[in-house]
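As a plain string of letters, each chain reads:
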Amino acid sequence: MLADRLPPHDISAEESVIGSLLIDGEAITQVSPFLDPDDFYRERNRWCFETCLDLFERGEAINQITVAHDLERQERLSEVGGTAYLSQLVSAVPTSLHIEYYARIVQRTATMRRLISVAGDIASIGYHDDPDVDNALTQAEELLFHIRTGHSTRDFTLLREVLDTYLEDTTPLGELGDPSRQPVRTGFRDLDTLLGGFQRSDMIVLAARPSIGKSTIALNVARNAAADGMNVGIFSLEMGREQ
């Protein structure tokens, strides 16, 4: 029954994305941070989007003529459907105003297709009957994790926003009025003077040879931070709760 189902896709949304780009090439900056060529279900639409990205990366204009020329150079224009198909895409979309809406649909259906694929892979892991259950669960979790992290959105950020946050985070310990924004004090005076406390956005790695006292100093830092009014959580893979 499931084998008769087509994977989730929306050809109209795909064509609307390409048509919008052919109308307004600058609109690619609205979708390129989160949309990938592999998100397109129909191959010829994927080729068209790849071509638009290539033109954008080369700093060239994106329109019906340049896309057709580049597809011809790749010997794909006839497989796409020729210039007639590109003209059809342009005539089907009245404006590029809603390109992000169309692109989100394409991305969502692509994510659903990946989820279906991963579900089959997870089923294979289960049928393999690995005696190491933890290993099997780890493999399954990694497959799902890759779906969630596969589309990282990277867009332009105003320097003012980054600079304001940086200046707040690097202000000396005693000069911040809001305790919730202050760096975390370790309780070790020399270390706090050297580092300015632990910055809230940082991951601190404490490394040393075995049996040197890493856990002891980490627990002392946690205790001192808690005594300073901070909320502290401890996760340990080497010590039980009683220890």
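Since we're looking at a predicted model, the values are computed, not measured.

1. A short note on the overall build of the protein
Counting its regular elements, the protein contains 11 helices and zero strands. Counting every position in the protein, which comprises 243 residues, the buried fraction comes to 30%. Nonlocal contacts in the protein, meaning residues at least 24 apart in sequence, comprise 61% of its contacts between residues at least 6 apart. Working note: accessible area of the protein is about 16700 Å², and carbon and sulfur atoms make up 54% of it.

2. Structural notes on the side chain of T109
Tracing the chain through its elements places T109 in helix α7 (residues 99–128). Ignoring anything within four residues of it in the chain, the contact list for T109 reads P8, H9 and D10.

3. Here we look at unusual backbone geometry
In the Ramachandran plot, E75 falls in the positive-phi region, its phi being about 60° despite a non-glycine side chain. Here E75 shows up in the loop between α4 (64–73) and α5 (77–80). With a phi angle near 55°, D129 is a residue other than glycine that sits in the positive phi range. By the secondary structure assignment, D129 is in the loop between α7 and α8 (133–149). Accessibility expressed as a relative area gives 61% for D129, which makes it exposed.

4. So, a nonpolar patch on the surface
A grouping of M112, L115 and L144 is seen on the molecular surface, where their side chains present a nonpolar patch of about 240 Å² in accessible area. With respect to the helices and strands, L144 occurs in helix α8.

5. So, the packing of aromatic side chains
According to the stated counting rule, one finds two aromatic pairs in the structure shown. With a centroid separation of 5.0 Å and an interplanar angle of 35°, the aromatic rings of F40 and F49 are classed as tilted. As far as the burial class goes, F40 and F49 line up, both buried. Measuring from ring centre to ring centre gives 6.0 Å for Y101 and Y102, while their planes differ by 65°; the resulting arrangement is edge-to-face. For Y101, a relative accessible area of 55% corresponds to the exposed category. Of the residues examined, Y102 reaches a relative accessible area of 18% and is grouped as buried. We note R44 situated over the ring of Y85; from NZ or CZ to the ring centre the distance is 3.7 Å.

6. Section: the packing of helix α3 (residues 43–57) against α4
At their nearest, the axes of α3 and α4 sit 10 Å apart, and the two run at 105° to each other. Here α3 is positioned roughly perpendicular relative to α4, judged by the angle of their axes. Between α3, through W47, C48, T51, C52 and L55, and α4, the contact on the second element is made entirely by T66, V67, D70 and L71. Looking at the contact of α3 with α4, its residues break down into six nonpolar, two polar and one charged.

7. Comments concerning the pattern of salt bridges
Under the counting rule described, the total for this entry stands at nine salt bridges. In the salt-bridge network here, residues are joined through shared partners; they are R58, E60, D70 and R73.

8. With respect to the confidence of the model for the protein
Confidence in the prediction for the protein averages 85 pLDDT; 88% of positions are at 70 or higher. The least confident element of the protein, judged by mean pLDDT, is helix α9 (residues 159–169) at 69; the most confident is helix α1 (residues 11–23) at 96.

9. Some thoughts on the packing of α4 against helix α6 (residues 82–92)
Relative to each other, α4 and α6 sit at 150°, their axes nearing to 10 Å. For the element pair α4 and α6, the recorded crossing hand is right-handed. Counting all contacts with α4, which are made through Q64, V67 and A68, the residues of α6 involved are T83, L86, S87 and V90. A breakdown of the residues in the contact of α4 with α6 according to their chemical character gives four nonpolar, three polar and no charged.

Reading the values: the criteria
- Residues numbered from 1 in each chain as written.
- Predicted model: local features only at pLDDT ≥ 70, side-chain atom pairs only at ≥ 80, totals over all residues.
- Heavy atoms only, no water.
- Helix = DSSP H or I, 4+ residues; strand = E, 2+ residues; numbered from the N terminus.
- Buried < 20%, exposed > 50% of the residue type's maximum accessible area, 1.4 Å probe, protein only.
- Contact = heavy atoms within 4.5 Å.
- Areas by Shrake-Rupley, 256 points an atom, 1.4 Å probe, with all protein chains shown as cover.
- Patch = residues over 30% accessible without salt bridge, like charges linked within 9 Å, V, L, I, M, F, W, Y side chains within 5 Å.
- Salt bridge = Lys/Arg side-chain N within 4 Å of Asp/Glu carboxyl O.
- Phe/Tyr/Trp six-rings, centres within 6.5 Å; stacked < 30°, edge-to-face > 60°.
- Lys NZ or Arg CZ within 6 Å of the ring centre and 35° of its normal.
- Axes fitted to C-alpha atoms, helices over the stretch in contact; angles between N-to-C directions.
- Parallel < 35°, antiparallel > 145°, perpendicular 65-115°, else oblique.
- Nonpolar A, V, L, I, M, F, W, Y, C, P; charged D, E, K, R; others polar.
- pLDDT = per-residue confidence, 0-100.
- Left-handed = near helix turned anticlockwise from the far one by under 90°.

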